[in-house]
Every structure is written in C-alpha cells, then in structure tokens.
Amino acid sequence: MSAPGIPDGYRWSSGQLTVGGIPLDRLAARVGGTPFFAYDRRLVTERVAQVRAALPEVHLRYAVKANPMPALLAHLGQLVDGFDVASALEMRHALDTGVPADRISFAGPGKTTAELSAAVAAGVTVEVESPGELERLRAVSEGLGIQASVAVRVNPDFAVTGSGMRMGGGPQQFGTDAERVPELLAAIGRYGLAFDGFHVFAGSQNLDAERICQAQRRTVELVVKLAAEAPGPVRHLNIGGGFGIPYFPKDRPLDLAPIGANLARLLDDVVRPLLGDAEVVVELGRYLVGEAGVYVTRVVDRKVSRGTTYLVVDGGMHHQLAASGNFGQVIRRNYPVAAGRLGDGEPETVTVVGSLCTPLDLLGKAVRLPRTGPGDLVVVFQAGAYGLTASPVRFLSHPEPVEVLV
Ligand SMILES: *Cc1c(COP(=O)(O)O)cnc(C)c1O
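What you see is a predicted model; the values in this text were computed from it and never measured.

What counts, and where the lines are drawn
- Residues numbered from 1 in each chain as written.
- Predicted model: local features only at pLDDT ≥ 70, side-chain atom pairs only at ≥ 80, totals over all residues.
- Heavy atoms only, no water.
- Helix = DSSP H or I, 4+ residues; strand = E, 2+ residues; numbered from the N terminus.
- Expected span 1.5 Å × (residues − 1).
- Buried < 20%, exposed > 50% of the residue type's maximum accessible area, 1.4 Å probe, protein only.
- Polar contact = N/O pair within 3.5 Å; in protein donor to acceptor, adjacent residues only side chain to side chain.
- Axes fitted to C-alpha atoms, helices over the stretch in contact; angles between N-to-C directions.
- Parallel < 35°, antiparallel > 145°, perpendicular 65-115°, else oblique.
- Contact = heavy atoms within 4.5 Å.
- Near = heavy atom within 4 Å.
- Nonpolar A, V, L, I, M, F, W, Y, C, P; charged D, E, K, R; others polar.
- Phe/Tyr/Trp six-rings, centres within 6.5 Å; stacked < 30°, edge-to-face > 60°.
- Lys NZ or Arg CZ within 6 Å of the ring centre and 35° of its normal.
- Core = buried A, V, L, I, M, F, W, Y, C linked by side-chain atoms within 4.5 Å.
- Left-handed = near helix turned anticlockwise from the far one by under 90°.

How should helix α8 (residues 209-227) be read in this particular structure?
Residues spaced three or four apart along an α-helix face the same direction, because each turn holds 3.6 residues. Look at α8: 26 Å from first C-alpha to last across 19 residues, which is about the 27 Å you get at 1.5 Å a residue. Of the residues making up α8, those classed as buried are A209, I212, C213, A215, Q216, T219, V220, L222, V223, L226 and A227. For α8, the N-terminal capping position is held by D208, with its side-chain oxygen 3.0 Å away from the main-chain nitrogen of E210.

Below you can see the structure in the form of structure tokens.
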C-alpha cells in the first residue's frame, strides 16, 4: 500500500511508513528525536545494481557532494568503483572508505594549493580546471617530488538541454574550453605529469534519456578528437552522468535502457577502436542516493489562517532547502510529502511549513494528507541528495538534525 507521489521501494507496515524496515515511530525513538534524515541502505544497494544491470561495463563513480555522510560513503565504497570529490574533506572521507586513491578524482573550480597538495600526496587524480590551476599543480608536484596524476576537465563546445542545471557550453567557471584544451595537454606533457584522461560533465538532473544519449555521444566524439593531442594514452574518460530523479508529479523516472544501449554502441564503435582500453567512467550523485533518503519531522502546531490549515513542523528549509524550492528552482513545486501514518477517513488539504521565521520556509503547499496534528510525523521524500549539506543549517540557529543510515 502506498500514498501518491511516494517513490518506489518504501513499504508500509500496519499503516505506518517504514524506512530500512523500521516503523517510523520506532525509528524516531531510536534516533532520539526529530527532525532527522534517514537513508535506506537497501535502496542504495538496489539502485546501484539497477544501474550496473542497465549499463555496459563502465566504471561507476559516486559524486560525493550529493551526500557526503561518512557511513553512506562506506556503504557505497563497497558498491561503486570510485568516488569523485570536490573538497579536501570529501577527499578524506572518500579515502577513509578504503577505495584506492587512483579511483578517486578531485574536481572543482577553486581548488586551493593546500587541497592540490593533499590530493597529490594522496595519489588522487586532480581534474585540472584551468591553465592557472595546472601551473599550481606543477609546482605542488615538484615541491612534493611526486608525479601528480592529472585529468583535464573540459568545458564542452555543446550544451545539454533538458538539464535541471546546465554545466557546459558557453562560458563556464568549470573546466577549460574545449578549443583551449590542446595547449593544456601540451603543458602536461612538458611538465612530465601523469596524464590520466578527460572529464566532461555537461549537466545535472536530466530526466530525458534521449538527451543524455546525445550528450554522451558528443562527449565521446569530443574526447576522441582531443585525445589525438594528449601526452599519453587516455586511462579514464569520465563522461559525467546527470541522471535525474522524479521530484514532481509530472516527472517520469529516467529510462536507463536506451542509455545503456547507446553507451554499449559508443564503447564498441568508438571507444574501443579509437581509445583502446580507456575506462569509461559514469559519475552519479543524486541518482544513486536521492530517492533513498527521507527527512522526518514532527508537527509542533496546527493552525488555521483565513481558511488555510497549516501544519508547523520542527524542521524546515535550514535542513532541506531544496524541498522549500529555494535551491536553484525557477518555479516552486512540492516535493513528495506524506504523513508517517496512513489515516482512515478523507484526506484534507494542508500546507506544511517549517519552524523558521520566513515565508520561504515552506515544505508542502496545499498537500493532501490524512488528518495530522501535533506529535504526528511528517515525511519529506527525495531527501537523500543535496539535503542537509546543501542547506543553510545555521540560519535561525536551530539544532542540527541527526542523519542515520538504516
Ligand atoms: C555535482 C556533480 C556531479 C553529480 O551530479 P548529480 O546530478 O548529483 O548526479 C557529478 N559530477 C560533477 C563534476 C559534479 O560537479
């Protein structure tokens, strides 16, 4: 039994939502209070298995910024082939999982010299984003006496449409413009750094398989062209990911089958003949963990204002900014929201708000819930990615929520 809009994989027991097989009331008691985030390890495991089953033999990496919780990383470390990190702390947590350093890449447009130094010392591959960064990497590499492993992040000469967040084509702070990459490759050769390959990440939160296929094709073609100027063989060809998850009622889940078929063709027809045994890397964040997480709050107050019923919960946008519609969304829509219990009787229309003193703190506008009041649990779904660490936790100085992996 399920309620509308709730992602697949969630189960109900005696009318109560369960997460990781645990009824929500009991989980809240175990955590010791609300609000909290819970991530379901079974759902993460299943999602990775689905991706592996649909895609040909590729190297699957997890983009840590989607959710860097250490226990979750440890779990993912058993499932994926590597990690992509974007800060020194993400790198430390990724290394803590025991995943070998040569399966970790470090991307990001503002890597400090200290971060570059930590990455080179660790043996992590640096995704160099600009000529200036390459100069600093060279100095760090010489200073440490360690040959840095370097991949080139390319700002492609095309853009992917249909992405929630576009990160390619036109001017960008990410990567080096494709037309300037040959100079960068020549410099890597002159400096004697260890060339690892290319990284092209063209967008995020894409639900259109056809467009993802197109982006993958253009990415592979671009890399083949650039590889002719590379100072060594391409070991890794990171083609990004950008697989989206459905947040809103009209969103259809991404169909992986055509993406897998397209990728298999690209491997057979282009990568193997032209790039030998280069490993193709698909790097996913949100898609692996987003649907495996819930944000659980408890109703503090129920009030009616001029005909609108408000449920005021003990959490809010300071923990789950994206659900409030303030994380880059153009139009605010509700993330799936449910009461922790399936009620009997007619559902009612209520607006769920957080406890912050700002009208921005809206978690569910005019949602249909069973009769719910103070003490009851309210759950926001699709909270496994870009939740807690993408939220202004200190805004209004409420306590930080707990995160559990169940
Ligand atoms: C953010 C990011 C990702 C992850 O994007 P998702 O939409 O979470 O899959 C992957 N690669 C790079 C370079 C990123 O910056």
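Which parts of the structure should I look at to understand the packing of α8 against helix α9 (residues 256-275)?
Packed helix pairs are specified by the crossing angle of their axes together with the interaxial distance, meaning the distance between the axes. Packing of α8 against α9 brings their axes to within 9 Å, and their N-to-C directions diverge by 10°. By the angle between their directions, the pair α8 and α9 is classed as roughly parallel. In contact with A209, I212, C213, Q216, R217, V220, V223, V224 and A227 of α8, α9 contributes P258, I259, N262, L263, L266, V270, V271, L274 and L275.

Honestly, the environment of H59 in this entry has me stumped. Any pointers?
Among the secondary structure elements, H59 is positioned in strand β5 (residues 59-63). Beyond its immediate sequence surroundings of up to four residues, H59 is in contact with D81, G82, R103, H236, E279, V280, V281 and V282. Here the side chain of H59 touches R61 through a polar contact of 3.4 Å, side chain to side chain. For H59, the side chain forms a polar contact with the side chain of E279, separated by 3.2 Å.

Can you help me understand the site of the ligand in this one?
The full set close to the ligand counts 13 residues, and K65, S204, E283, R286 and Y386 are the nearest of them. Between S204 and the ligand, the recorded distance is 2.5 Å, taken from a side-chain N or O atom to an oxygen atom. One of the side-chain nitrogen or oxygen atoms of Y386 is found 2.6 Å away from an oxygen atom of the ligand. Of the residues contributing to the shell around the ligand, the split by class is five nonpolar, four polar and four charged.

Could you clarify how one ought to interpret the packing of aromatic side chains in this entry?
Working definition: an aromatic ring pair is given by the centre-to-centre distance plus the angle between the planes. Enumeration over the complete set of coordinates arrives at ten aromatic pairs. Relative to Y335, the ring of Y247 has its centre 4.6 Å away and its plane inclined at 35°; by these criteria the two rings are tilted. Residue Y247 is located in the loop between β14 (236-241) and α9, and its partner Y335 is located in the loop between β17 (308-313) and β18 (337-339); the two are separated by 88 residues in the primary sequence. Both residues of the pair, Y247 and Y335, belong to the buried class. Between R138 and the ring centre of Y191, over which it is positioned, the NZ or CZ distance is 3.9 Å.

I tried to follow the nonpolar core on my own but got confused; where do I start?
One recurring pattern in soluble globular proteins is that nonpolar side chains are buried together. Counting residues in each nonpolar core, the largest one holds 129 residues, and the members touching the most others are Y62, L76, F83, V152, F198 and V352. Ranked by the residues each element gives to this core, the list is headed by α8, at nine residues. Among residues more than four places away in sequence, those in contact with F198 are V152, V154, V181, L185, V223, L226, A227, A230, V234, H236, L237 and N238.

What's the story with the packing of helix α5 (residues 113-122) against helix α6 (residues 131-144) in this structure? I'm lost.
Packing of α5 against α6 leaves a shortest axis separation of 9 Å and a crossing angle of 55°. If you check the angle between α5 and α6, you find them oblique. Every pair of crossing elements has a handedness; the one defined by α5 and α6 is right-handed. Across the interface between the two elements, T113, L116, S117, V120 and A121 of α5 pack against E133, R136, L137, V140, S141 and L144 of α6. Among the residues forming the contact of α5 with α6, the class breakdown is six nonpolar, three polar and two charged.

By themselves, these observations are geometric and do not establish any function.
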